[in-house]
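The residues making up each chain are set out below.
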Amino acid sequence: MLKNNEISEILITEEEIKNKITELGKKISKDYKGKNLILVGILRGAVIFMADLARTISIPMVFDFIAISSYGAETKSSGVVRILKDLDVNIKGKDVLIVEDIVDTGLTLDYLLRMLKSRKPASIKVCTFLTKTARRKVNVKVDYSGFDIPNKFVVGYGLDYAGKYRNVPYVFTLNSKFIQE
Ligand code: 5GP
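Residues numbered from 1 in each chain as written. Predicted model: local features only at pLDDT ≥ 70, side-chain atom pairs only at ≥ 80, totals over all residues. Heavy atoms only, no water.

Q: Please clarify how the overall build of the chain should be interpreted in this entry.
A: Helix and strand counts for the chain come out as 3 helices and 9 strands. N-terminal to C-terminal, the α/β element order of the chain is β-α-β-α-β-β-β-α-β-β-β-β. Taken over C-alpha atoms, the radius of gyration comes to 16 Å for the chain, in line with the 16 Å a tight globule of 181 residues would show. In terms of its C-alpha atoms, the chain occupies a principal-axis envelope of roughly 50 × 35 × 30 Å. When burial is assessed residue by residue, the chain has 45% of its 181 residues classed as buried. (Helix = DSSP H or I, 4+ residues; strand = E, 2+ residues; numbered from the N terminus. Rg over C-alpha atoms; globule rule 2.2 N^0.38 Å. Buried < 20%, exposed > 50% of the residue type's maximum accessible area, 1.4 Å probe, protein only.)

Okay, here's the thing in structure tokens:
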């Protein structure tokens, strides 16, 4: 699938991902028992994570997606978010769990949380596949997180570089030869 020299380092293997998601799914199922759970996935990065996570959740739930785009350079977040596709479901009175691929500076999530809170859900929490805690610029609360990773640009398992690598089933860093500055 990949050229031999495309990978610099594999950070998280398929097996590690599988085990972690099973753990997260169990916890979420327990915490949301008897509630009106709605998973809100952020397109497009969270799609793979959301699909696997949803299948480990054993309580009734629904899901929806929101597509946002941040202005600014490709690999940097500006925190200014534009909604490309809004939710179809009304979240008022529902227990919303935002499903993100990665929380880096936290700016995107901070913006999104404010926006969704104004729609008066019963509760709103965050589940992210990856987090780079050391890079945070704003203090957003991450309620469930898969892996805390170092300050490296990663791809795979839903995360892309120029639209590529989302389908790779593990998380890795790219050989710098393949990154255009
Ligand atoms: P934040 O606003 O938290 O700085 O950025 C969040 C968004 O930036 C993520 O949803 C993702 O699209 C992008 N991002 C941040 N770090 C990485 C990374 O290491 N790899 C990839 N592919 N995207 C990242």
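Q: Hey, could you run me through the nonpolar core in this one?
A: Soluble globular proteins tend to bury their nonpolar side chains together. Ile28, Phe49, Leu53, Phe129 and Leu130 are the most contacted members of the largest nonpolar core, which has 28 residues in total. Broken down by secondary-structure element, the contributors of at least two residues to this core are helix H1 (14-31), strand S2 (37-43), helix H2 (47-54), strand S5 (95-103), strand S6 (123-131) and strand S7 (144-148). Those residues in contact with Leu130 that sit more than four places away from it in its chain are Ile12, Asp101, Ile102, Val103, Phe147, Ile149, Val154, Leu159 and Val171. If you look at the next biggest cluster of nonpolar residues, it comprises 19 residues, including Val40, Val81, Ile98 and Leu109. (Core = buried A, V, L, I, M, F, W, Y, C linked by side-chain atoms within 4.5 Å. Contact = heavy atoms within 4.5 Å.)

Q: Just to check I follow, could you spell out the sheet that holds strand S8 (residues 154-155) for this structure?
A: Across a sheet, strands are paired by hydrogen bonds formed along the backbone, either parallel or antiparallel in direction. With antiparallel pairing, 3 strands are arranged side by side in an open sheet as S1-S9-S8. The open sheet has two edge strands with one neighbour each: strand S1 (7-12) and S8. Judged from the 2 bridges that link them, S8 and strand S9 (residues 171-174) form a sheet pairing that is antiparallel. What sits directly across from Val155, in S9, is Phe172. (Pairing = 2+ DSSP bridges.)

Q: What is the right way to read the pattern of salt bridges from this model?
A: Oppositely charged side chains can pair when the atoms bearing their charge come close. Tallied over the entire structure, the rule returns 12 salt bridges. The salt bridge partner of Lys164 is Glu6, with a shortest N-O separation of 3.9 Å. Taken as a pair, Lys164 in the loop between S8 and S9 and Glu6 in the segment before S1 lie far apart in primary sequence, 158 residues in all. Overall, the relative accessible area of 44% leaves Lys164 in the partly exposed class. Exposure remark for Glu6: the relative accessible area of 3% places this residue in the buried category. Between Asp143 and Lys141 there is a salt bridge whose closest N-O contact spans 2.9 Å. Relative accessible area serves as the criterion here: at 62%, Lys141 is assigned to the exposed category. One continuous salt-bridge network, built from bridges that share partners, spans Asp64, Lys85 and Asp88. (Salt bridge = Lys/Arg side-chain N within 4 Å of Asp/Glu carboxyl O.)

Q: I would appreciate a short explanation of the environment of Lys92 in the present structure.
A: With respect to the secondary-structure elements, Lys92 resides in the loop between strand S4 (81-85) and S5. Along the sequence, Lys92 and Pro121 sit 29 residues apart, while their C-alpha atoms lie 4.4 Å from each other.

Q: Just to check I follow, could you spell out H1 for this structure?
A: The terminal C-alpha atoms of H1 lie 26 Å apart, and with 18 residues this matches the ideal 26 Å at 1.5 Å per residue to within 8%. Residues of H1 that are buried: Ile17, Ile21, Leu24, Gly25, Ile28 and Ser29. Here the buried residues of H1 occupy an arc of 130° about the axis, which is enough to place them on one side. Away from the buried face of H1 by more than 90 degrees, exposed residues Glu15, Lys26 and Lys30 are located. (Expected span 1.5 Å × (residues − 1). Arc of directions from axis to C-beta.)

Q: Explain the packing of aromatic side chains here, please?
A: In this description, an aromatic ring pair is defined by two values, namely the gap between the centres and the angle between the planes. For the coordinates displayed, the defined rule picks out 7 aromatic pairs. Considering the side-chain rings of Phe49 and Phe129, the 5.3 Å spacing of their centres and the 40° angle between planes classify their relative orientation as tilted. With Phe49 in helix H2 and Phe129 in strand S6, the pair connects residues that are 80 residues apart, well separated along the chain. This pair shows no difference in class: Phe49 is buried, exactly as Phe129 is. A connected cluster of aromatic rings, assembled from ring pairs, spans Phe49, Phe129, Phe147 and Tyr157. The aromatic ring of Phe147 is capped on one face by Lys20, whose charged end is 5.4 Å from the ring centroid. (Phe/Tyr/Trp six-rings, centres within 6.5 Å; stacked < 30°, edge-to-face > 60°. Lys NZ or Arg CZ within 6 Å of the ring centre and 35° of its normal.)

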